[in-house]
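Remarks on the overall topology
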Amino acid sequence: MILIVLVAGIVAFATLAMRRAPLWQWALAALVLGLLSRISIDGGLWLLVDVPGWVFALLPALVLGLLSLPLIRQMAVSKPVYGLVKSILPRVSRTEQEALDAGTVGWDAELFSGRPRWEKLLGIRKPTLSTEEQAFLDGPVNTVCAMIDDWDTRHSRADLSPEVWQYLKDQGFLGMLIAREYGGLGFSAQAQSQVVSKIASRSIAAGITVMVPNSLGPGELLEKYGTPEQKQKYLSRLAKGLEVPCFALTGPHAGSDAAGMRDVGVVCYEMYHGKKTLGVKLSWDKRYITLAPVATLLGLAFHLRDPEHLIGEVDNVGITLALVPAKFKGVKIGRRHYPARSAFMNGPTQGRNVFVPIEFLIGGVEYAGQGWRMLMECLATGRAISLPAIGTVSIKHALRVTSAYARVRRQFGIPVGLMEGVAEPLSRMVRSAYMYEASRALTASMVDEGQKPSVLSALLKYRTTEAMRDAVNDAMDIHGGRAVQDGPSNYLFAAYATTPVAITVEGANILTRTLITFAQGALRAHPYLYSEIAAAQNPDRKAGLKAFDAAFAGHASFMLRNMVGSFVHAVTFGAFAASPVSHEMKRWYRQLSRYTQSFALVGDWTVAFLGGDLKRKQRLSGRMADVLSDLYLLSSVLRRYEDEGRLEEDRPLVDAIARDRIYAIEQSLAAVFANFPNFWLRNLMRVLVFPLGRHARPASDRATYRLARAVLQPGAFRDRLTKGTYVSMDPKDVTGVLEDALLKVTKAAEIETKFLRAIKKGVVERRMDRDAISDAMEKGVLTEAEAATLRLCDQATDRAIRVDDFEFDELSSRQVRREPKLDEAAE
């Protein structure tokens, strides 16, 4: 009987915890179990005295029953915890608050919940383009890609050609996000992302040039916050390329901590055009501003002060945004940086005591002091489109050219792509191309639904650009000397050189990962934490305590469910976890459900225990960001598999990606446990998450080798993985030469095998002083037609592996000569 009661108690606890039952149900269950336990031990196994025994048995039910009454619970539990939380939880600064309020939560909140509602994922609109958007991709985008000579751009000119610049302006590339009513293209986020992607696959510099006006900048800020007068004055000119915008945020003392800028504006009256005018006297020093050297319109962020209270009642108004013509009196602009020797325009701008009318404030006085919120709202959407597009297409471009080169290039008598050592990095590119395209497309679709996925866009930025770095490095390794020798025929070196730029801009990856993604995600997407912090910071203590009591009660039940759910899913290996499908991917949905539950548990305890120290425990925060991002990436992959009709050809690829991501999640969680500062909590979490140990394994060598072999052939699989890159079939083109060679080598595969067999047997000898193909034909190894096919294959291969060379002094004339600035010359 005692054993039955014990089992019943465990079952009741697990059931109530998983159902997140209210306290009165816990009290009722405790009452029933107390009665049963007392009856089962009436012989005196627990207590010999009758009355104390009954009190002991029924006390839990009494306590739980009393705590189910809000007033008693507030006084006995919530009030003391409320005081403790006020001292532990991180205080949210004004800029942090604005950043949190700027974005929206969606699928990230489902991941933090521990029990994702799959309909939320599967219900996101499919990545589609309108007929007009697709025509633009097939027309003007392909045209401008064909116009771009990347070597000329980055070496001879260090700029786009005048013809390319004009074409971009004339065709509306700089105004894709501007509404049609103002003359813009009014494209969706999906279309903007794909346009930037395709152009960047031809030239990173050109891609960035198109990306910036359509990302965080004057166009988007005016669209969302500009006054009617500002919209009428500027938007049509921006859409037509008559104005080239830039936005100045970063300064020498404010990089990743952009809110710490020292740039200032003071509200005052001065004479302007002969009249006493209300305005702002601005002083700024900005650097790393893309398009600044060629900009005609300067967006500017600064701290606004109003000491005379001319526009309000406070001295320190806050971060404010203004729009200043580049040729306005006092604006210094025009010099340029040379970021990683990339040709996109980037440079500093300064101004000292530059007086501008109050009408120059974006949105007017109404939006004074709201600049950080405005920037964060734009960044939440812009960052979801821009750098994920460039990072993803760089992976796909690397795969496209490397898969062709690895098939065309032979060493030791076989294509290098068939060597296991080469197949390993090639397979990594295959998996990355599928996975990051899935996440790019899904996130852009979220933006098109009206979401502002600030947390997801941050993690996607750091993951795609890090994967870009890995993919380009792998491509360079496989190409060897072919990629190292820069020149007009080198299609990899520009991406290799520019990768650090993508890693650094719009939030350096090292801080985005370790400081922002998980910490802000926990605050924004956690179902209760944000409410608890808001309640703890409420100046009205009574209202704060009431709000905290409701949030804390929910948080307690959330924590219990996570504990039970994590343990149950772990001991059953996710066999009973939720899945929205019944087909072959059911197991991966269940594994995703299992580890989402584990993430919710560990994330919740990490924030609760560390509190304000979370900002200092950046390595732990970074590992939790990795878990969150891996959960999101796997979600994206499963969603893409559904969207594309569950192609059987893609199933091994999706399986390999899922294995890798689950393995990575286990490794990250294990590292969190190994380094968690509290001995008892880290071991308790380890028991709840890995009670039977870690069992995940990454994709096997055999599976990944098959993926590498599959991409060495021209066909639907390779095209699908590299969709969205610019592909030229012109054998005179820098990448077209590879496509031409791949087709010819594939066509001649059987003939080449026969020819190589003859060489191995000594029937034919390959020497520089003899034509081995003619010898093979003379000796009956090849027919005349076969010899012609093989000769075309050899010629195409020679063109594909050829590298550039230069006259001795040909490059020296293009080196940058630095002229000293005036202050340096004076020294």
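Everything numeric in this text was worked out from a predicted model, so none of it was measured.

**With respect to the overall build of the protein chain**
- Each helix and strand counted, the protein chain has 33 helices and 9 strands in total.
- For 827 residues, the compact-globule formula gives about 28 Å, and the C-alpha radius of gyration of the protein chain, at 31 Å, lands near that figure.
- Its C-alpha atoms give the protein chain principal-axis dimensions of roughly 110 × 90 × 55 Å.
- Buried residues in the protein chain amount to 54% of all 827 residues.
- Here the analysis covers contacts within the protein chain between residues at least 6 apart in sequence; of these, 76% occur between residues at least 24 apart.
- Counting every atom, the protein chain has about 36,400 Å² of accessible surface; 56% of that belongs to carbon and sulfur.
- Side-chain charges in the protein chain split into 102 positive and 87 negative, and the spacing between the mean points of these groups amounts to 5 Å.

**Description of the nonpolar core**
- In this structure, Phe173, Ile199, Val280, Leu426, Phe518 and Leu669 are the most contacted members of the largest nonpolar core, which totals 169 residues.
- Excluding anything up to four places from it in sequence, Ile199 contacts Val141, Val144, Cys145, Ile148, Phe173, Ala206, Gly207 and Val210.
- Grouped together as the second largest cluster of nonpolar side chains are 30 residues, Tyr182, Ala254, Leu297 and Leu379 included.

**A word on the environment of Glu181**
- Locating Glu181 in the fold gives a position in the loop between α10 (162–170) and α11 (189–202).
- A relative accessible area of 67% means that Glu181 is categorised as exposed.
- In this structure, the C-alpha to C-alpha distance between Glu181 and Lys332, residues 151 residues apart in sequence, is 33 Å.

**So, the pattern of salt bridges**
- One pass over the structure, following the stated rule, counts 34 salt bridges.
- A salt bridge links Glu739 to Arg400; the nearest nitrogen and oxygen atoms lie 2.9 Å apart. In this pair, Glu739 is assigned in helix α29 (residues 736–747) and Arg400 in helix α15 (residues 371–408), connecting sequence segments 339 residues apart. Grouping residues by exposure puts Glu739 and Arg400 together as buried.
- Arg639 is the partner of Asp643 in a salt bridge, and the nearest nitrogen-oxygen pair spans 2.8 Å. With a gap of 4 residues between them, Asp643 and Arg639 both fall in helix α24 (residues 618–643), about one helical turn apart.
- For Asp643, a relative accessible area of 25% puts it in the partly exposed group.

**Considerations on empty space enclosed by the protein**
- Under the criterion given, the structure shown has 2 cavities of 30 Å³ or more.
- Approximately 80 Å³ is the volume attributed to the largest cavity.
- Every residue along the wall of the largest cavity is listed here: Ser201, Arg202, His397, Arg400, Val401, Thr725, Tyr726, Val727, Ser728, Thr735, Leu738 and Glu739.
- Secondary structure elements with two or more residues in the lining of the largest cavity: α11, α15 and α29.
- It is α15 that provides the largest number of residues to the lining of the largest cavity, a total of 3 residues.
- Looking at the lining of the largest cavity residue by residue, the class counts come to 4 nonpolar, 5 polar and 3 charged.
- The volume enclosed by the second largest cavity comes to roughly 40 Å³.
- If you trace the second largest cavity, you find it lined by Gln192, Val196, Met211, Asn214, Ser215, Gly382, Ile385 and Ser386.

**Some points on a negative patch on the surface**
- Taken together, Asp805, Glu807, Asp809 and Glu810 make up a surface patch of like negative charges.
- When you line up the elements, Asp805 lands in the loop between α32 (784–801) and α33 (822–826).

**Let's talk about the side chain of Thr499**
- For Thr499, the position within the fold is in helix α19 (residues 493–504).
- According to the relative accessible area criterion, Thr499 is buried, its value standing at 4%.
- Excluding residues that lie within four positions of it along the chain, Thr499 makes contacts with Met468, Arg469 and Val472.

**Digging into a nonpolar patch on the surface**
- On the surface, a nonpolar cluster with roughly 460 Å² of combined accessible area is contributed by Phe567, Val568, Val571, Phe573, Val687 and Leu692.
- Structurally, Leu692 is set in the loop between α26 (679–689) and α27 (701–710).
- On the basis of relative accessible area, Leu692 is assigned to the partly exposed category, the value being 44%.

**As for the packing of α15 against helix α16 (residues 420–448)**
- The geometry of α15 relative to α16 is characterised by a closest axis approach of 9 Å and an angle of 155° between their N-to-C directions. In terms of their interaxial angle, α15 and α16 are classed as roughly antiparallel. In the packing of α15 onto α16, the handedness of the crossing is left-handed.
- Taken together, the residues of the contact of α15 with α16 sort by class into 14 nonpolar, 6 polar and 3 charged.

**Overview of the packing of aromatic side chains**
- This structure, assessed with the given rule, holds 18 aromatic pairs.
- Arranged with centres 5.8 Å apart and planes meeting at 25°, the rings of Trp151 and Phe806 form a pair that is stacked. With Trp151 in helix α9 (residues 150–157) and Phe806 in the loop between α32 and α33, the pair connects residues that are 655 residues apart, well separated along the chain.
- Judged by relative accessible area, which is 12%, Trp151 ranks as buried.
- What makes Phe806 partly exposed here is its relative accessible area of 29%.
- Over the ring of Tyr434 we find Arg640, and its NZ or CZ is 4.0 Å from the ring centre.

**Some points on the confidence of the model for the protein chain**
- Scored by pLDDT, the protein chain has a mean of 88; 90% of the residues are at 70 or more.
- Low pLDDT, under 50, characterises residues 44–48; the stretch is placed with 8 contacts to residues that sit more than four places away or in other chains.
- Overall, residues 821–827 carries pLDDT values under 50, and its contacts beyond four positions in sequence, including any with other chains, amount to 3 contacts.

Rules used in this analysis
- Residues numbered from 1 in each chain as written.
- Predicted model: local features only at pLDDT ≥ 70, side-chain atom pairs only at ≥ 80, totals over all residues.
- Heavy atoms only, no water.
- Helix = DSSP H or I, 4+ residues; strand = E, 2+ residues; numbered from the N terminus.
- Rg over C-alpha atoms; globule rule 2.2 N^0.38 Å.
- Buried < 20%, exposed > 50% of the residue type's maximum accessible area, 1.4 Å probe, protein only.
- Contact = heavy atoms within 4.5 Å.
- Areas by Shrake-Rupley, 256 points an atom, 1.4 Å probe, with all protein chains shown as cover.
- Lys, Arg positive; Asp, Glu negative; His and termini not counted.
- Charge placed at Lys NZ, Arg CZ, Asp CG, Glu CD.
- Core = buried A, V, L, I, M, F, W, Y, C linked by side-chain atoms within 4.5 Å.
- Salt bridge = Lys/Arg side-chain N within 4 Å of Asp/Glu carboxyl O.
- 1 Å grid on protein atoms, 1.4 Å probe; cavity = no way out; pocket = protein on both sides within 12 Å on 5 of 7 lines; lining within 4 Å.
- Points joined across faces, edges and corners; volume = space filled by probe spheres on them.
- Nonpolar A, V, L, I, M, F, W, Y, C, P; charged D, E, K, R; others polar.
- Patch = residues over 30% accessible without salt bridge, like charges linked within 9 Å, V, L, I, M, F, W, Y side chains within 5 Å.
- Axes fitted to C-alpha atoms, helices over the stretch in contact; angles between N-to-C directions.
- Parallel < 35°, antiparallel > 145°, perpendicular 65-115°, else oblique.
- Left-handed = near helix turned anticlockwise from the far one by under 90°.
- Phe/Tyr/Trp six-rings, centres within 6.5 Å; stacked < 30°, edge-to-face > 60°.
- Lys NZ or Arg CZ within 6 Å of the ring centre and 35° of its normal.
- pLDDT = per-residue confidence, 0-100.

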